[in-house]
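What follows is each chain in one-letter form.
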Amino acid sequence: MKGSSHALIGVTAGAIAGYQVQPDVYTIAVASVIGGVSALVPDLDTNGLATNRITLSKQITQWLMQLVGAGILVAIVYQYFTTGFAPSILLYAGIGLLLFIVSRLITQRRMLTLTGVMVMWLGIVMHQSIGILLVGSYIVIASFLPHRSYTHSLLGLAFYAFILNQLQQEWPIDGLLAAGIAGYGSHLIADMKLLPMNRRGVKWFAPIWNKEW
């Protein structure tokens, strides 16, 4: 199923969940957005709509790495001709060279990893927000998982619910937990093999039981 379809189903599920929590327009609208976003979260384990929307730009990151690497190398040359050789030059030269190499080899999946690390760093900056740290950790973990594995299971849903619960404690938003769970759960249900458009199913009980449903 396409990401846009998952998002639409998630918006509907989120709106229903929000209505159950607080039947007012504002809560339903916010819950709809939360449900739509949450419905895309399980697919962070693949190079799809969700991944491409949240990751840092690969091209911009490569350009920045090469720019910083070039700046380091220019600074090294300047230092060598003005103050002479110093052991630290070798360290900085290695860092500059490493940035050039990484900029050429980095993949979209590793961009997702880098995005997760940046989100975790943001959590530390924001007065050590545990919720944001957990969001970053989810992104990092998802970037190393094969598609339709743990993010498409009850284990992934439980971890996401734990993150939502922590976020709701930090930012009390009506319907956040309910809409998030509804949106995430809607993705797993929509990916089940019993639906004719899905050739693969969902391993609800992974890693304990890897049967696809």
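Procedures and definitions
Along each chain, the written sequence defines residue order, and numbers are assigned to residues from 1. Side-chain atom pairs in this predicted model are given and counted only at pLDDT of 80 or more, local residue features only at pLDDT of at least 70, and totals for whole chains, interfaces and linings cover all residues. With hydrogens and water stripped out, all remaining heavy atoms of the structure feed into the side-chain values. Angles here are taken between N-to-C directions and fall from 0 to 180 degrees, while the axes themselves are lines fitted to C-alpha atoms, restricted in helices to the stretch in contact. A run of H or I in DSSP counts as a helix once it spans at least four residues, and a run of E counts as a strand once it spans at least two, with each numbered from the N terminus. Any angle from 65 to 115 degrees is called roughly perpendicular, while one under 35 is roughly parallel, one over 145 is roughly antiparallel, and all others are oblique. The crossing is said to be left-handed when, going from far helix to near helix, the turn is anticlockwise and less than a right angle, and right-handed when the turn is clockwise. In what follows, a contact means two residues having at least one pair of non-hydrogen atoms within 4.5 Å. Just so you know the grouping, Ala, Val, Leu, Ile, Met, Phe, Trp, Tyr, Cys and Pro go in nonpolar, Asp, Glu, Lys and Arg go in charged, and all remaining residues, Gly too, go in polar. Burial classification: accessible surface area is computed with a 1.4 Å probe over protein chains only, and a residue below 20% of its type maximum counts as buried, one above 50% as exposed, and the rest as partly exposed. For the purposes of these results, a polar contact is taken to be a pair of N or O atoms within 3.5 Å, where, inside protein, one atom must be able to donate a hydrogen and its partner to accept one; residues adjacent in sequence count only when each atom of the pair is a side-chain atom. Summary of the metric used: pLDDT quantifies the predictor's per-residue confidence within the range 0 to 100. In the sections that follow, a salt bridge refers to a side-chain nitrogen of Lys or Arg positioned within 4 Å of a carboxyl oxygen of Asp or Glu. Between 30 and 60 degrees the pair is tilted, below 30 it is stacked and above 60 it is edge-to-face, where a pair is any two Phe, Tyr or Trp rings, Trp via its six-membered ring, whose centres lie within 6.5 Å. Put simply, a charge is over a ring when the Lys NZ or the Arg CZ is close to the ring centre, within 6 Å, and near the line of the ring normal, within 35 degrees. What is meant by a nonpolar core is a set of buried Ala, Val, Leu, Ile, Met, Phe, Trp, Tyr and Cys residues, joined one to another through side-chain atoms within 4.5 Å.

Engineer: Give a description of the packing of helix 8 (residues 154–170) against helix 9 (residues 176–190) that names residues and reports values.
Structural biologist: Between helix 8 and helix 9, the shortest axis-to-axis distance is 9 Å and the interhelical angle comes to 160 degrees. By the angle class used here, helix 8 and helix 9 are roughly antiparallel. Both helix 8 and helix 9 take part in a crossing whose hand is right-handed. Of the residues in helix 9, those touching helix 8 at Gly156, Leu157, Tyr160, Ala161, Leu164, Asn165, Leu167 and Gln168 are Leu176, Leu177, Gly180, Ile181, Tyr184, Gly185 and Leu188. Grouping the amino acids of the contact of helix 8 with helix 9 by side-chain chemistry returns 10 nonpolar, five polar and no charged.

Engineer: With reference to specific residues and values, describe the side chain of Ser38.
Structural biologist: By secondary structure assignment, the location of Ser38 is in helix 2 (residues 25–40). Residue class for Ser38 comes out buried when judged on its relative accessible area of 1%. Here Tyr160 takes part through its side chain, which lies 2.6 Å from a polar atom of the side chain of Ser38. Not counting residues up to four positions away in its chain, the partners in contact with Ser38 are Tyr160, Gly180, Gly183 and Tyr184.

Engineer: Residue-level account of the confidence of the model for the protein, with values.
Structural biologist: For any part of a model where pLDDT is low, the fine detail of the predicted coordinates should not be relied upon. Per-residue pLDDT for the protein has a mean of 85; in total, 93% of the residues score no lower than 70. The secondary-structure element of the protein with the lowest mean pLDDT is helix 3 (residues 49–54), recorded at 54, while helix 9 shows the highest, at 97.

Engineer: An account of the pattern of salt bridges is needed here, citing residue identities and associated values.
Structural biologist: Here the structure, examined in full by the defined rule, presents two salt bridges. Residues Glu212 and Arg200 are paired through a salt bridge, measuring 3.9 Å at the closest nitrogen-oxygen approach. Of the two residues, Glu212 is situated in the segment after helix 9 and Arg200 in the segment after helix 9; the sequence distance between them amounts to 12 residues. Residue classification places Glu212 among the partly exposed residues on the basis of a relative accessible area of 23%. Take Arg200: its relative accessible area is 38%, and that puts it in the partly exposed class.

Engineer: Which residues make up the packing of aromatic side chains, and what values do they have?
Structural biologist: According to the stated counting rule, one finds six aromatic pairs in the structure shown. Geometrically, the ring pair formed by Tyr138 and Phe159 is stacked, given 5.9 Å between the ring centres and 20 degrees between the ring planes. With a gap of 21 residues between them, Tyr138 in helix 7 (residues 130–142) and Phe159 in helix 8 connect regions that are remote in the sequence. Owing to a relative accessible area of 6%, Tyr138 belongs among the buried residues under this scheme. Members of the aromatic cluster, each reached through a chain of ring pairs, are Tyr138, Phe159, Tyr160 and Tyr184. Sitting over the face of the ring of Phe144, Arg110 holds its NZ or CZ atom 4.2 Å from the ring centroid.

Engineer: Lay out the nonpolar core with the relevant residues and their values.
Structural biologist: In terms of nonpolar packing, the biggest core is built from 23 residues, with Val41, Leu44, Tyr138 and Tyr184 touching the most fellow members. Every element with two or more residues in this core is listed here: helix 2, helix 6 (108–125), helix 7, helix 8 and helix 9.

Engineer: How would you summarise unusual backbone geometry if you had to cite specific residues and measurements?
Structural biologist: Omega for the peptide link from Ala206 to Pro207 comes to 5 degrees, which places this bond in the cis form. Counting through the fold element by element, Pro207 comes out in the segment after helix 9. The backbone phi angle of Arg148 is positive, close to 60 degrees, even though this residue is not glycine. One can find Arg148 in the loop between helix 7 and helix 8.

Engineer: Go over the environment of Ile139 with me, naming the residues and quoting the values.
Structural biologist: You can see Ile139 is positioned in helix 7. Taking the C-alpha atoms as reference points, Ile139 and Met120, 19 residues apart in sequence, are found 9.4 Å from one another.

Engineer: Hey, could you go over the packing of helix 1 (residues 3–21) against helix 2 for me, with residue numbers and the actual values?
Structural biologist: At a closest axis distance of 6 Å, the pairing of helix 1 and helix 2 adopts a crossing angle of 140 degrees. The chirality of how helix 1 crosses helix 2 is right-handed. Contacts from Gly3, His6, Ala7, Gly10, Val11, Gly14, Ala15, Gly18 and Tyr19 of helix 1 reach helix 2 at Thr27, Ile28, Ala31, Ser32, Gly35, Gly36, Ala39 and Leu40. Grouping the constituent residues of the contact of helix 1 with helix 2 by class yields eight nonpolar, nine polar and no charged.

Engineer: Describe the environment of Val119, naming the residues involved and giving the relevant values.
Structural biologist: By the secondary structure assignment, Val119 is in helix 6. Those residues within four positions of Val119 in sequence are excluded, and the remaining contacts are Ile132, Val135, Gly136 and Ile139.

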